[in-house]
Amino acid sequence: MKTFDIHRFGKVLKWTLYYNKSTLTKIIMGFFIAFLALYLLSTDLLFSASSSLPDRLTVAESCTLGVVVVFLFLTPSWILSNMKDRKSSLDYLMLPATNLEKFLARIVTVTVFYTLCLIAAQIAADLIQWVVSLFRYPISQTGLISISLFENHSIHFCEITNGIDSYGREAPYLILGNLMVLTWMIWMHSFYTLGGTVFRKRAWIITSFILFVLGFIITFLEVKISSGIMNCSDNVYEVSTMAIEIIIVLISLLLAGLNYFLSYKVFCRMQLINNKWVNL
C-alpha cells in the first residue's frame, strides 16, 4: 500500500481513538478536576463573596487561557505516546495502512481530539462553577468563563467597508498581524511534532528547551536588525517593517512544512528496537 486512501485513513483513526480511549478519558477527568478546583478557588466560591464579577472571573479566565495555549503547543510532542513499549509499537506499526495514514491519524488524535477533551473538561467545570455561583451571587454577577474568554480573546478582523477595525488599526497591518500569529502557531505545532517524533523520552521537555534557546537567539538578532532599521526615515521604516513581516510569514510556513516533512520521515524510520532517547 503506497497511496493514501481516505476510507482506510478513517478506519485507522477510529482504531487509534479506540486504542487510546483510556488516555482520552484521563485527559477529560484530569483537566475537569483541575479546572473545577481552579474555578472554585479563584472565583470566591469557597471563601470570600465580596468580589465583583470582573475581579472574580479575571484570574480564572487568565489561567484558563494559559492552560489552553500551553496544552495546544505541547500536545504534538505526544504524537508517539502510543508507542511507549515494544508491544504497543508493534500493534501500531503492523496496522494495514500506509505510514502517511498512520502518521496523520496520530496528528489528528493528539491535536484535535486531545483538544476536544480539554474543551469538554473546561466547559463541564465552567458549568458547575456557574451553577454554584447562582447560590452565592445575584444572577447579574455570575457568568461563564468560557463565554468571557471567547469574547475577550477572539481575533478581531478589520471592517472591510472603511479599512480599519474598532481599534483604529488599518486593514493591511491588522491582517498581516493576525497572519503572523497564525503562522507562528503553525510553526510551533510543527516544531513540537518534530520533537515528538525525534525524542523517545521527555520529548516536550527537550523540545521546549531547544525552543527556548532558539527564541533567545532569534530575539537577539531581531533587536539588532530593528535597531538598524530605526535609524532610517519613518517611511523606509514603515515599508521595511511590512516587508520583514511578510518575509517572516513566508519563512515560517516553509519551516513548518519542513518540520512536518522531517517528522514524517523520522516516523517512517521507526524501528521496534531503537535508541533509548531518540528515533534517529
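Starting afresh in each chain, residues are numbered from 1 along the sequence in its written order. The predicted nature of this model means local features are confined to residues of pLDDT at least 70 and side-chain atom pairs, given and counted, to a pLDDT of 80 or more, with totals for whole chains, interfaces and linings taken over all residues. Excluding hydrogens and water, the side-chain values take into account all heavy atoms of the structure.

A.B. asks: An account of the packing of helix 1 (residues 6–19) against helix 5 (residues 99–136) is requested, with residue identities and associated values reported.
C.D. replies: Two measures define how a pair of helices packs: the angle their axes make with one another and the distance between the axes. Helix 5 packs onto helix 1 with a crossing angle of 50° between their chain directions and a minimal axis gap of 9 Å. Regarding the angle of helix 1 to helix 5, the classification is oblique. Considering how the two elements wind past one another, helix 1 and helix 5 form a crossing that is right-handed. For the pair formed by helix 1 and helix 5, the contact residues are Arg 8, Phe 9, Val 12, Leu 13, Thr 16 and Leu 17 on the first element and Glu 101, Lys 102, Leu 104, Ala 105, Arg 106, Val 108, Thr 109 and Phe 113 on the second. Considering only residue class, the contact of helix 1 with helix 5 consists of 8 nonpolar, 2 polar and 4 charged. Only the stretch in contact is used when a helix axis is fitted, and all axes are lines through C-alpha atoms; the angle between N-to-C directions ranges over 0 to 180 degrees. Comment: elements are numbered from the N terminus, with helices defined as DSSP H or I runs of at least four residues and strands as E runs of at least two. Any angle from 65 to 115 degrees is called roughly perpendicular, while one under 35 is roughly parallel, one over 145 is roughly antiparallel, and all others are oblique. By convention, the crossing between two helices is left-handed when the near helix turns anticlockwise from the far helix through less than a right angle, and right-handed when the turn is clockwise. Whether two residues are in contact is decided by their heavy atoms: any pair within 4.5 Å suffices. Only Asp, Glu, Lys and Arg are considered charged in this grouping, and only Ala, Val, Leu, Ile, Met, Phe, Trp, Tyr, Cys and Pro are considered nonpolar; every other residue, Gly among them, is considered polar.

A.B. asks: Tell me about the packing of aromatic side chains, and please be specific about residues and values.
C.D. replies: Any two of the Phe, Tyr and Trp rings considered here, Trp counted by its six-membered ring, make a pair once their centres fall within 6.5 Å; the pair's planes then place it as stacked at under 30 degrees, edge-to-face at over 60, or tilted in between. Inspection of every chain in the model, using the stated rule, returns 12 aromatic pairs. Plain terms: the ring middles of Phe 4 and Phe 9 are 5.6 Å apart, the flat faces sit at 40° to each other, and that makes the pair tilted. Taking relative accessible area as the criterion, Phe 4 reaches 38% and is therefore assigned partly exposed. Between buried and exposed lies partly exposed: a residue is buried under 20% and exposed over 50% of the maximum accessible area for its type, with that area taken using a 1.4 Å probe on protein chains only. A relative accessible area of 12% places Phe 9 in the buried class. Here Phe 73 and Trp 184 contribute two aromatic rings whose centre-to-centre distance is 5.2 Å and whose plane-to-plane angle is 80°, an arrangement assigned as edge-to-face. Here the residue Phe 73 occupies a position in helix 3 (residues 53–74), and Trp 184 occupies one in helix 7 (residues 171–198), the gap between them amounting to 111 residues. Its relative accessible area of 44% is what places Trp 184 among the partly exposed residues.

A.B. asks: Report on the pattern of salt bridges, specifying residues and quantitative values.
C.D. replies: Salt bridges are counted wherever a side-chain nitrogen of Lys or Arg sits within 4 Å of a carboxyl oxygen of Asp or Glu. As enumerated under the stated definition, the model contains 2 salt bridges in all. Ionic pairing is found between Lys 87 and Asp 91, a salt bridge with its closest N-O pair at 3.1 Å. Of this pair, Lys 87 and Asp 91 both sit in helix 4 (residues 86–93), 4 residues apart, which is roughly one turn of that helix. The class of Asp 91 is partly exposed, set by a relative accessible area of 25%.

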